[in-house]
Amino acid sequence: MLAAPSGSNDLLIGSPIILYDYPEIAPESPGALFDGTEIDEILTLRVMTMTDQEKAEARATDPRAREIIDRCDQLSTADLQQLHGILRDPHSDSSWFDTGEIPWWDPAADERVQPEVDAVLIEGVSVSKGSLVRVHPSRRADAQDLFFADQVARVTAVLSDVDGGVHVALVLVDDPAAELHDWYGRYLYFAPDELEPLVDGPGHDHIASR
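What comes next is a walk through the structure.

What counts as what
In this numbering scheme, every chain counts its residues from 1 along its sequence in written order. Residues qualify for local features only when their pLDDT is at least 70, as the model is predicted, and side-chain atom pairs are given and counted only at 80 or more; totals for whole chains, interfaces and linings, by contrast, use all residues. With hydrogens and water set aside, each side-chain value is computed from the structure's full complement of heavy atoms. To sort residues, take the accessible area from a 1.4 Å probe on protein chains only and compare it with the maximum for the residue type: under 20% means buried, over 50% means exposed, and anything in between is partly exposed. Secondary structure elements are taken from DSSP: a helix is a run of H or I of four residues or more, a strand is a run of E of two residues or more, and numbering for both begins at the N terminus. The criterion used for residue contact is that any of the two residues' heavy atoms lie within 4.5 Å. The criterion for strand pairing is that DSSP finds at least two bridges linking the strands in question. A fitted line through C-alpha atoms serves as each axis, taken over the contacting stretch for helices, and the angle formed by two N-to-C directions is quoted from 0 to 180°.

Considering unusual backbone geometry
At Tyr22, a residue that is not glycine, the phi angle is positive and equals roughly 55°. Of note in this structure, Glu123 is not a glycine but carries a positive phi near 55°. A relative accessible area of 62% means that Glu123 is categorised as exposed.

In structure tokens form, the structure reads like this:
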């Protein structure tokens, strides 16, 4: 993201978390734990789980570690509650707010993409929301995908990424929490070549080969 004084464009900073341009340390932060981009609440709670012996050993390593542990030990209940977070709009003064322009990352920016009605052709069958498919994990993007091998799933959306790839979102039919996952929008994602259309299920249109 862009760094340095707001408005300059000659300095970039890389971060392992997503930040907006010209980020600032939140005023609720009692002090840096490492580099100022960490989540204070999580790391503070981790420090608080240390035993007294572990804290003593850490304090003996260097002044920086001692400062962090001392500060965490001195935080009051109100201080900890303050670390829980606050919602701010980092783009409140951005030009697209003033002009009504839709930002590039908003789904409404490209009306050609409509995941709930878009379809993808798999083995001559048009698969879209509501289609039933059988899962055959092959890309090994996630080791847990192997647990879903040969299970029947219901497609909830067909999505396209900025590189032109297609991803099929689905929930497992036999999952007791399928409706809950669907309501929350917590889906499994597979590539079209990892799915087998079940043409007898709803939401399928068979495309005749020429």
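Next comes the rest of the write-up.
With respect to the environment of Ala169
Along the polypeptide, Ala169 turns up in strand E5 (residues 166-172). Residue class for Ala169 comes out buried when judged on its relative accessible area of 0%. With 20 residues separating them in the primary sequence, Ala169 and Tyr189 have C-alpha atoms 4.6 Å apart. With residues near it in sequence (within four places) discarded, Ala169 still touches Arg154, Val155, Thr156, Ala157, Leu159, Tyr187, Leu188 and Tyr189.

Quick notes on the pairing of strand E3 (residues 132-135)
Side chains of E3 alternate between two faces, with Val133 and Val135 buried and Leu132 and Arg134 left unburied. Alignment of E3 against strand E4 (residues 152-160), held across three bridges, turns out to be antiparallel. By the bridge assignment, Leu132 is partnered in E4 with Arg154. Across three bridges, the pairing between E3 and strand E7 (residues 195-197) is antiparallel. Each bridged residue has a counterpart across the sheet, and for Arg134 the counterpart in E7 is Glu196.

Some details on the environment of Ala3
Along the polypeptide, Ala3 turns up in the segment before helix H1 (40-48). Residues Ala3 and Pro23, 20 residues apart in the sequence, show an inter-C-alpha distance of 7.0 Å. Ignoring any residue separated from it by four or fewer positions in sequence, one finds Ala3 in contact with Ser8, Leu11, Ile13 and Tyr22.

Quick word on the sheet that holds E4
In spatial order, the strands read E6-E5-E4-E3-E7; together these five strands make up an open sheet with antiparallel pairing. Both edges of this open sheet fall to strand E6 (188-190) and E7, since each of them pairs with a single strand only. On average, each strand axis in the sheet is tilted by 45° relative to the strand beside it, whichever way the strands run. As judged from the seven bridges shared by E4 and E5, these two strands associate in the antiparallel manner. Opposite Leu159, over in E5, you have His167 as the bridge partner.

A look at the pairing of E5
Of all seven residues in E5, five are buried; the element is thus mostly enclosed. The antiparallel pairing of E4 with E5 creates a hairpin that spans five residues between the two strands, and Gly164 there sits at a positive phi of about 90°. One ladder, built from three bridges, connects E5 with E6; its direction is antiparallel. Considered in E6, the bridge of Ala169 is made with Tyr189.

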